[in-house]
Amino acid sequence: MINPVLAVTPGEPSGIGPDILLRLLAEHPEFRFLAVADPVLMRQAAERLGLDIPITDWSAGMPVTAGQLACLPVPMRRPARPGQLDPDNADYVLKTLQEAVRLVQGGTASALVTGPVHKGVINDSGIPFTGHTEYLAELSDTPRVVMMLAAPGLRVTLVTTHLPLRSVADAIDAPNLEAVIRITWQELHSRFGIDDPRLQILGLNPHAGESGHLGTEESEIIEPVLRRLREEGMRLDGPVPADTAFNPPRLAACDAVVAMYHDQGLPVLKHMGFGNSVNITLGLPFIRTSVDHGTALDLAGTGTASAGSLYQAALTAEELIARQRK
């Protein structure tokens with residue numbers, strides 16, 4: 001069976017994204033990658049790493065061959081230097097995402113796999129940017145998406161993503177929570193092939209509010225939403241205190257954990273599977289997976305960065321494609 005074409009954006013050009021893409025292709029030449037990047041950047045990275053990988057400028061209608069890197073050219077504004085951020089290349093990073101979405105929505109590629117971006121340098125350039133997830137939703141005119149991170153034995157979705165902790169409680173309301181639970185349930189059913197998904201919903205406050213003594217979000221917002229969705233037949237456990245939710249028996253009894261905020265669920269997941277976990281955007285009209293790590297500027301250009309998470313992201317994309325085709 002021929003592997004599907006995966007559109008890949010290496011992300012921040014001064015980070016490890018170009019390095020790990022090339023290393024992954026060297027280690028797993030079976031992948032068919034269509035990179036959206038500056039080919040000069042990719043050739044320089046291959047030379048620096050001592051990797052003999054054919055890199056070809058790609059245009060519409062050309063084949064994408066396994067073991068080679070087809071590259072849809074997007075020029076950088078300024079040459080990139082490993083480990084040194086340059087705000088002048090922020091628009092380049094966003095342009096690669098725009099072109100990659102076009103490839104996937106047009107059917108040229110079957111899924112999108114993204115490397116790490118640096119949100120700070122994009123914002124420093126004067127472009128408002130909160131993250132991949134939100135930007136891809138904007139590009140695809142998707143009203144609501146959900147961030148999922150998955151590792152062996154654990155899937156976590158988030159009700160709020162990149163918000164200051166001070167703003168989290170105000171962002172958790174009934175419509176927001178219900179939308180996240182519905183999208184999580186539906187995508188587990190449709191994309192992951194789980195007939196009757198079981199979700200564990202975390203509380204916001206310590207001890208899930210301690211019967212209102214440590215906060216009322218559980219009784220006023222979370223519990224009414226869960227009751228309503230249970231009446232529709234969804235299997236939902238919660239609100240569960242976050243400090244007891246991740247023990248093995250609880251995880252074995254659910255297909256995903258819905259966390260209220262970024263640093264409530266993701267530290268546990270990354271402890272369990274850092275380097276082997278995958279970021280998956282639920283709710284998009286196409287499959288998108290990503291690495292679970294940042295740009296690692298200190299490793300860029302050194303040849304020491306692991307491609308493990310990018311491998312898992314590509315593998316997961318292919319698995320979701322295969323399930324979708326069935």
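Residues numbered from 1 in each chain as written. Predicted model: local features only at pLDDT ≥ 70, side-chain atom pairs only at ≥ 80, totals over all residues. Heavy atoms only, no water.

> Help me out: how do you make sense of unusual backbone geometry in this one?
The phi angle of most residues is negative, glycine excepted, and most peptide bonds adopt the trans form. In this model, Gly238 is joined to Pro239 through a cis peptide bond whose omega is 0°. Within the element layout of this structure, Pro239 appears in strand S9 (residues 235–240). Within the chain, His207 stands out as a residue other than glycine whose phi angle is a positive 60°. Inspection of the secondary structure assignment puts His207 in the loop between strand S8 (198–202) and helix H8 (217–231). (Helix = DSSP H or I, 4+ residues; strand = E, 2+ residues; numbered from the N terminus.)

> Explain helix H5 (residues 132–139) to me, please; I cannot follow it from the model alone.
Working note: α-helix, 3.6 residues per turn, so residues spaced by three or four point in the same direction. For H5, every residue scored as buried is listed here: His132, Thr133, Tyr135, Leu136 and Ala137. Buried positions along H5 lie against helix H3 (90–105), strand S5 (111–114), strand S6 (146–151), strand S11 (278–282) and strand S12 (288–290). Of the residues trailing H5, Asp141 is marked for its positive phi of about 55°. (Buried < 20%, exposed > 50% of the residue type's maximum accessible area, 1.4 Å probe, protein only. Contact = heavy atoms within 4.5 Å.)

> What am I meant to see in the sheet that holds strand S3 (residues 55–57) here?
Strand pairing in a sheet is mediated by backbone hydrogen bonds. Such pairs are either parallel or antiparallel. Read from one edge of the open sheet, twelve strands run S3-S4-S2-S1-S5-S12-S11-S6-S7-S10-S8-S9, paired in mixed fashion. At either end of the open sheet lies a strand with only one pairing partner, and these are S3 and S9. Across the sheet, the axes of successive neighbouring strands diverge by a mean angle of 25°, strand direction being ignored. Both S8 and strand S10 (residues 256–259) contribute to a ladder of three bridges, which runs parallel. Bridge pairing in S10 places Leu199 opposite Ala256. Its contacts with the sheet place helix H1 (residues 17–27) against strand S1 (5–9), strand S2 (32–37), S3 and strand S4 (69–73), and it is angled at close to 165° to S2. (Pairing = 2+ DSSP bridges. Axes fitted to C-alpha atoms, helices over the stretch in contact; angles between N-to-C directions.)

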